[in-house]
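Examination of the molecular architecture
What follows is each chain in one-letter form.
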Amino acid sequence: MCTFKKVVITIVVLINLLGCYYAESKTESKMELTSIAFKNNEMIPKQYTCDGKNVSPPLQWKLAPQDTESFALICDDPDAPSGTWTHWVIYNILPTQFELDENILPDYNNALQGIN
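These figures come from a predicted structure and were not determined experimentally.

1. Describing the pairing of strand 5 (residues 59–62)
Relative to strand 5, strand 4 (residues 32–34) is paired through three bridges, and the arrangement is antiparallel. Pairing of leucine 33 across the sheet is with tryptophan 61, part of strand 5. Examined bridge by bridge, strand 5 and strand 8 (residues 99–100) share two bridges and lie antiparallel to one another. In the strand pairing of strand 8, leucine 59 is matched with leucine 100.

As structure tokens, then:
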């Protein structure tokens, strides 16, 4: 069962390195993940839920560590009725890629998707 009463969807971008920070000129920057489809802490639009088209939203990220070997993304819903629910896992995203298009296919740019 899929419900999206409110979006407290936790999108966690994991890197093949420990941490989500890098140092350049002795300053640290946090990696940022955004979407043009919705803002942080807003409801995810219906088309990206099982009540709509159930497609992946467009996502962009920046400020990744310089030595990143690949990206992974885990999309969790901590407000699901049965406890935290993992909606989507995609990994082996190329380190030169900094966005995912809307409604990506299973074989998107050599990335692999988990089964939930």
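2. What to know about the sheet that holds strand 8
With respect to topology, three strands assemble into an open sheet ordered 4-5-8, the strand pairing being antiparallel. Each of the sheet's edge strands pairs with one partner strand only, and the pair in question is strand 4 and strand 8.

3. Quick notes on the pattern of salt bridges
If you walk through the whole model with that rule in mind, you get one salt bridge. In this structure, glutamate 32 and lysine 62 form a salt bridge, with 3.7 Å as the shortest nitrogen-oxygen distance. Placement of glutamate 32 in strand 4 and of lysine 62 in strand 5 is noted, with a sequence separation of 30 residues between them. We classify glutamate 32 as partly exposed; its relative accessible area is 35%. Classification of lysine 62 as partly exposed rests on a relative accessible area of 47%.

4. Looking at the packing of aromatic side chains
Following the criterion strictly, the structure yields two aromatic pairs and no others. Between phenylalanine 71 and phenylalanine 98, the ring centres sit 6.0 Å apart and the planes meet at 70 degrees, which makes this aromatic pair edge-to-face. Of the two residues, phenylalanine 71 sits in strand 6 (residues 71–77) while phenylalanine 98 sits in the loop between strand 7 (85–93) and strand 8, which places them 27 residues apart along the sequence. Relative accessible area serves as the criterion here: at 2%, phenylalanine 71 is assigned to the buried category.

Definitions and cut-offs
Residues numbered from 1 in each chain as written. Predicted model: local features only at pLDDT ≥ 70, side-chain atom pairs only at ≥ 80, totals over all residues. Heavy atoms only, no water. Pairing = 2+ DSSP bridges. Helix = DSSP H or I, 4+ residues; strand = E, 2+ residues; numbered from the N terminus. Salt bridge = Lys/Arg side-chain N within 4 Å of Asp/Glu carboxyl O. Buried < 20%, exposed > 50% of the residue type's maximum accessible area, 1.4 Å probe, protein only. Phe/Tyr/Trp six-rings, centres within 6.5 Å; stacked < 30°, edge-to-face > 60°.

Just distances and angles here, no functional claims.
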